[in-house]
Amino acid sequence: MRFSAACLAMLLPCLAHSQTTAPLSQATQDALLHVLAHEMGHAILREFDLPILGPEEDIADDFATVYIHMMLPERAGAIIAARAQQNMADAQTAGMFSEYRSDIQRAGRSVCLLYGLDPERHADLARSFGLDGDAAEDCRDFAPEVGRSWRRVVSAYPMPDSARVTEVGSYFAQTPIAAAVAESGLMEPAYRLLAGIDWHSRITVAIEPCDGASFWSRNGRRITICETYIKRFEDQLGG
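Note that the structure is a prediction, hence the values are computed from the model and not measured.

Undergrad: A description of the overall build of the chain should follow, citing residues and the corresponding values.
TA: Within the chain, the regular secondary structure consists of 10 helices and four strands. Moving toward the C terminus, one meets the helices and strands of the chain in the order α-α-α-α-α-α-α-β-α-α-β-β-β-α. A compact globule built from 239 residues should have a C-alpha radius of gyration of about 18 Å, and the chain, at 17 Å, falls within 12% of that. Dimensions of the chain along its principal axes, counting C-alpha atoms only, are 55 × 40 × 35 Å. Burial analysis of the chain (239 residues in total) assigns 51% to the buried set. The contacts of the chain with a sequence gap of at least 6 include a subset with a gap of at least 24, amounting to 72%. Carbon and sulfur atoms make up 51% of the accessible area of the chain, which totals about 11,300 Å².

Undergrad: Describe the packing of aromatic side chains, listing the residues and the values that go with them.
TA: The final tally for this structure, using the stated rule, is five aromatic pairs. Considering the side-chain rings of F63 and Y67, the 5.0 Å spacing of their centres and the 20° angle between planes classify their relative orientation as stacked. In this pair, F63 and Y67 are both assigned in helix 3 (residues 56–71), four residues apart and thus about one turn of the helix distant. An identical accessibility class is assigned to F63 and Y67; each is buried. Arranged with centres 5.0 Å apart and planes meeting at 70°, the rings of F63 and W150 form a pair that is edge-to-face. Here F63 is found in helix 3, whereas its partner W150 is found in helix 7 (residues 133–154), with 87 residues between them in sequence. On the basis of relative accessible area, F63 is assigned to the buried category, the value being 1%. According to the relative accessible area criterion, W150 is buried, its value standing at 9%. Ring-pair connections join several aromatic residues into one group, and the members of that group are F48, Y157 and W199.

Undergrad: Requested: an account of the nonpolar core, with residues and values cited.
TA: With 74 residues, the main nonpolar core has M40, L193 and W199 as its most contacted residues. The biggest single contributor to this core is helix 2 (residues 26–47), with 10 residues.

Undergrad: Can you lay out the side chain of S102 for me, pointing to particular residues and giving the numbers?
TA: Relative to the assigned elements, S102 resides in the loop between helix 4 (76–90) and helix 5 (103–117). Contacts of S102, omitting those with residues within four sequence positions, involve Q92, T93 and A94.

Undergrad: Describe the packing of helix 2 against helix 4, naming the residues involved and giving the relevant values.
TA: Between helix 2 and helix 4, the shortest axis-to-axis distance is 7 Å and the interhelical angle comes to 90°. Judged by the angle between their axes, helix 2 and helix 4 are roughly perpendicular. Mapping the contact onto sequence places A27, D30, A31, L33, H34 and V35 in helix 2 and A78, I79, I80, A82 and R83 in helix 4. Of the residues assigned to the contact of helix 2 with helix 4, the class counts are eight nonpolar, one polar and two charged.

Undergrad: Outline the pairing of strand 1 (residues 168–172), listing residues and values.
TA: Of all five residues in strand 1, four are buried, a share of seventy percent or more. As paired strands, strand 1 and strand 2 (residues 203–208) are joined by five bridges and run parallel to one another. By the bridge assignment for strand 2, G169 is matched with T204.

Undergrad: Got a sec to walk through the state of the cysteines? Specific residues and values, please.
TA: Among covalent bonds in proteins, the disulfide is the one between the sulfur atoms of two cysteines. Counting across every chain of the model gives two disulfides. What links to what in the chain: the bonded cysteines, counted in sequence order, pair as 1-2, 3-4.

Undergrad: Summarise the packing of helix 2 against helix 9 (residues 187–194); cite the residues concerned and give the values.
TA: As a packed pair, helix 2 and helix 9 sit with axes 10 Å apart at the nearest point and diverge in direction by 20°. Taken together, the axis directions place helix 2 and helix 9 in an arrangement best described as roughly parallel. Relative to helix 9, the crossing made by helix 2 is right-handed. The segment helix 2 lies against helix 9, with L33, L36, A37 and M40 engaging P189, A190, L193 and L194. Grouping the amino acids of the contact of helix 2 with helix 9 by side-chain chemistry returns eight nonpolar, no polar and no charged.

Calculation notes
The residue numbering used here restarts from 1 in each chain and proceeds along that chain's sequence as written. The predicted nature of this model means local features are confined to residues of pLDDT at least 70 and side-chain atom pairs, given and counted, to a pLDDT of 80 or more, with totals for whole chains, interfaces and linings taken over all residues. As a rule here, side-chain values cover all heavy atoms of the structure and leave hydrogens and water aside. A helix here means a DSSP run of H or I that spans at least four residues, while a strand means a run of E at least two residues long, and both kinds are numbered starting from the N terminus. Computation of the radius of gyration draws on C-alpha atoms, with the globule rule given as 2.2 Å multiplied by the number of residues to the power 0.38. Note on classification: 1.4 Å probe, protein chains only; a residue is buried when its accessible area is under 20% of the maximum for its type, exposed when over 50%, partly exposed between these limits. Note on contacts: a residue pair is in contact if any heavy atoms of the two residues lie within 4.5 Å. Methods summary: accessible areas were calculated by the Shrake-Rupley approach with a probe of 1.4 Å, and residue burial reflects only the protein chains presented. For this analysis, a ring pair means two rings from Phe, Tyr or Trp (six-membered ring only for Trp) whose centres lie within 6.5 Å, classed as stacked if their planes differ by under 30 degrees, edge-to-face if by over 60, and tilted for the remaining angles. Note on terminology: a nonpolar core comprises buried Ala, Val, Leu, Ile, Met, Phe, Trp, Tyr and Cys residues joined through side-chain atoms within 4.5 Å. Fitted lines through C-alpha atoms give the axes, limited to the stretch in contact for helices. The angle between two N-to-C directions lies from 0 to 180 degrees. For classification, angles of less than 35 degrees are called roughly parallel, those exceeding 145 degrees roughly antiparallel, those between 65 and 115 degrees roughly perpendicular, and all remaining angles oblique. Gly counts as polar in this scheme, as do all residues outside two lists: the nonpolar Ala, Val, Leu, Ile, Met, Phe, Trp, Tyr, Cys and Pro, and the charged Asp, Glu, Lys and Arg. Only strands that DSSP links by at least two bridges are regarded as paired with each other. Cysteine sulfurs are considered disulfide-paired once they come within 2.5 Å of each other. If you view the pair so one helix is near and one far, a crossing is left-handed when the near helix is turned anticlockwise from the far one by less than a right angle, and right-handed when it is turned clockwise.

Written out as structure tokens, the structure reads:
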């Protein structure tokens, strides 16, 4: 797959009005890459009509961790650490009938899964979150199976190395937060993640003011990350 300035420009349209704001911290950028990959998990399930054999939010979380491990191995540890720290900062509990795990469980699952996929590389990550003993052994046991399963799924939809990527785009609201995202180092690895899949129609990433966190819209084939969510990450991780 060919990456070029022209390809990256598909994700970085010129902002009509230059607006200044503080740059995003590296930890916020890292955590947002996991958010993007999580929404890609929903997109892959829906766009390719894959069976949903369990809680969809858990499936999307696992996809995000495995896919980042596959596509951004050199950054995976920092990405998972940042996202786990953000989940722990939120510390929301799950109701009896919630489709989500508690935030502490989501943090632990992502650390456990990444560590189990490559215990040698991510030993420091495990130690930093207190993952050891029997729990670490369990992670080393189940993570390779999860990774292998997702590799087999993704292998059916890869973008060929020689292909010109045309089905990835972006929308940035004319706001300081959206401008900070566009001007950060986030979009190049975001493009790498999105362009790894041979989508059958255009997928757009949108950064805009909205209520909520992040979501995938099948009707618009759009991954939206709300500015309030980005601001929350920066408040939690930027200091």
